[in-house]
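Residue-level listing of the chains:
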Amino acid sequence: MGRLNTQPAPLTPAPVAPVEQEQLPPPSQPDPQPSGFPAAPGEEVSDQPEVASTDPTAPLTPPPGSAPVTKNSLVGSWKTRSGGSTCQMFLTLTKYGNGSRGGTRGCAGDMANVRGWDVKGAQVVLYNENGDTVARLYKSGNEKLDGTTSSGQSVSIFR
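These numbers come from a predicted model, not from an experiment. (Residues numbered from 1 in each chain as written. Predicted model: local features only at pLDDT ≥ 70, side-chain atom pairs only at ≥ 80, totals over all residues. Heavy atoms only, no water.)

Caption draft 1: Here's a closer look at the side chain of Asn-128. With respect to the secondary-structure elements, Asn-128 resides in the loop between β5 (123-127) and β6 (133-141). Reaching out from Asn-128, the side chain makes a polar contact with the backbone nitrogen of Asp-132 at a distance of 2.9 Å. (Helix = DSSP H or I, 4+ residues; strand = E, 2+ residues; numbered from the N terminus. Polar contact = N/O pair within 3.5 Å; in protein donor to acceptor, adjacent residues only side chain to side chain.)

Structure (structure tokens):
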């Protein structure tokens, strides 16, 4: 008996237009008032962006009303938001250096380097494998902490 041909017939390629090339226009200047509203009376509009002048590695002053935190209340899985992306963080009570073991999964930037953590008064300090501070956080709500990384980027953990 003969074999049946089960292969589909080849497709004919679609016609392709030639690639065109032209010069891009020069970049536009950003609007100094992106909201579209004029400056309030008595305010000056500056061409320079406003930049915080704090040392990100220095301990932060707890925000007013910042509640104390305990290690037992922090153990477990957390969602982490930093630099516009969300990832996971796990905090345990397993001893690690002068603190406890912790880690992240799927994080970028400073938060990818978290290996340990500890509670110092009202702040939670996250450390890398060398014991350097990665971020400092304060309780900002029920099951939520906010702070900054050592490079000055804002970070939130929540569940």
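From this point, things continue past the structure.
Caption draft 2: Up close: the sheet that holds strand β4 (residues 116-120). In spatial order, the strands read β1-β2-β3-β4-β5-β6-β7-β8; together these 8 strands close into a barrel with antiparallel pairing. Strand-to-strand twist of the sheet, defined as the mean angle between neighbouring strand axes without regard to direction, takes the value 30 degrees. As defined by bridge partners, strand β1 (residues 76-82) adjoins strand β8 (residues 154-158) across 4 bridges and the pair is classed as antiparallel. Counted as the bridge partner of Ser-82 is Val-155 from β8. (Pairing = 2+ DSSP bridges. Axes fitted to C-alpha atoms, helices over the stretch in contact; angles between N-to-C directions.)

Caption draft 3: A look at unusual backbone geometry. The backbone of Glu-143 shows a phi angle near 60 degrees, a positive value even though the residue is not glycine. Along the chain, Glu-143 falls in the loop between β6 and β7 (144-149).

Caption draft 4: Geometry of the pairing of strand β3 (residues 99-105). Sheet topology places strand β2 (residues 85-96) next to β3; 6 bridges connect them, and they run antiparallel. When the sheet's bridge partners are listed, Lys-95 is paired in β3 with Ser-100. Joining the antiparallel neighbours β2 and β3 is a turn of 2 residues, in which Gly-97 adopts a positive phi near 60 degrees. In this sheet, β4 lies alongside β3 in antiparallel orientation, the contact comprising 2 bridges. If you follow Arg-101 over to β4, its bridge partner there is Gly-116.

Caption draft 5: Structural context of the packing of aromatic side chains. According to the stated counting rule, one finds 0 aromatic pairs in the structure shown. Positioned over the ring face of Trp-117 is Lys-71, at 5.1 Å from the centre of the ring. (Phe/Tyr/Trp six-rings, centres within 6.5 Å; stacked < 30°, edge-to-face > 60°. Lys NZ or Arg CZ within 6 Å of the ring centre and 35° of its normal.)

Caption draft 6: Highlighting the pairing of β8. A large share of β8 lies buried, amounting to 4 of its 5 residues. Relative to β8, β7 runs antiparallel, the two sharing 5 bridges. Counterpart to Asp-146 in the pairing with β8 is Ser-156. Where β7 folds back onto β8 in an antiparallel hairpin, the turn is made up of 4 residues, including Gly-152, whose phi is positive at roughly 95 degrees. (Buried < 20%, exposed > 50% of the residue type's maximum accessible area, 1.4 Å probe, protein only.)

Caption draft 7: Geometry of the nonpolar core. Counting 19 residues, the largest nonpolar core has Leu-74, Met-89, Met-111, Val-124, Leu-126 and Leu-145 as its most contacted members. Sorting the residues of this core by element identifies β2, β4, β5, β6 and β8 as the ones contributing at least two each. Residues within four places of Met-111 in sequence aside, it is in contact with Thr-80, Ser-82, Met-89, Thr-104, Leu-126, Val-134, Ala-135, Thr-149 and Val-155. (Core = buried A, V, L, I, M, F, W, Y, C linked by side-chain atoms within 4.5 Å. Contact = heavy atoms within 4.5 Å.)

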